[in-house]
Amino acid sequence: YVVISETIFLVLEPEPKMKGIAKLVSWGTLPTIDNIKRNLDNPDFLSISWRKVDDKEPWVLNLLLPNNANDCVNLCLKHLKKQGLNIDKKYQKKKKLK
């Protein structure tokens, strides 16, 4: 499961033996996201990179969110804009070879 609050991005995994319980797999703060990339061939695949903060090294989270990747990106952007952060949408137009 992915949970996005106004400041935190959480990835949870359901506990198979206990209904309604999940364990935290990874987390990061929204303001420290460096970039979010989507795969052209598989738009449900997200790659989210966090930048280095203090003694924490930068890291990348790769997620497959069938039918929800676009909603995930939009929610992250909405919360970041609400916090007053500037969003820079840069992307390279890649041509597919036939």
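The coordinates are above.
About the cut-offs
Residues numbered from 1 in each chain as written. Predicted model: local features only at pLDDT ≥ 70, side-chain atom pairs only at ≥ 80, totals over all residues. Heavy atoms only, no water. Pairing = 2+ DSSP bridges. Helix = DSSP H or I, 4+ residues; strand = E, 2+ residues; numbered from the N terminus. Axes fitted to C-alpha atoms, helices over the stretch in contact; angles between N-to-C directions. 1 Å grid on protein atoms, 1.4 Å probe; cavity = no way out; pocket = protein on both sides within 12 Å on 5 of 7 lines; lining within 4 Å. Points joined across faces, edges and corners; volume = space filled by probe spheres on them. Nonpolar A, V, L, I, M, F, W, Y, C, P; charged D, E, K, R; others polar.

A. Focus on the sheet that holds strand 4 (residues 33-38). The three strands are arranged 4-5-6 in an open sheet whose pairing can be described as antiparallel. Each edge of the open sheet carries a strand with a single partner, namely strand 4 and strand 6 (59-64). Across this sheet, the average inter-strand angle for adjacent strands is 15 degrees, counted without regard to direction. Note that strand 5 (residues 45-50) and strand 6 share six bridges and pair antiparallel.

B. Focus on the layout of surface pockets. Considered as a void within the structure, the second largest pocket measures approximately 210 Å³ in volume. Taken together, Trp27, Gly28, Thr29, Thr32, Trp50, Arg51, Val53, Asp54, Asp55, Lys56, Glu57 and Trp59 make up the full set of residues lining the second largest pocket. No other element matches strand 3 (residues 22-29), which puts three residues into the lining of the second largest pocket. Broken down by class, the residue content of the lining of the second largest pocket amounts to four nonpolar, three polar and five charged.

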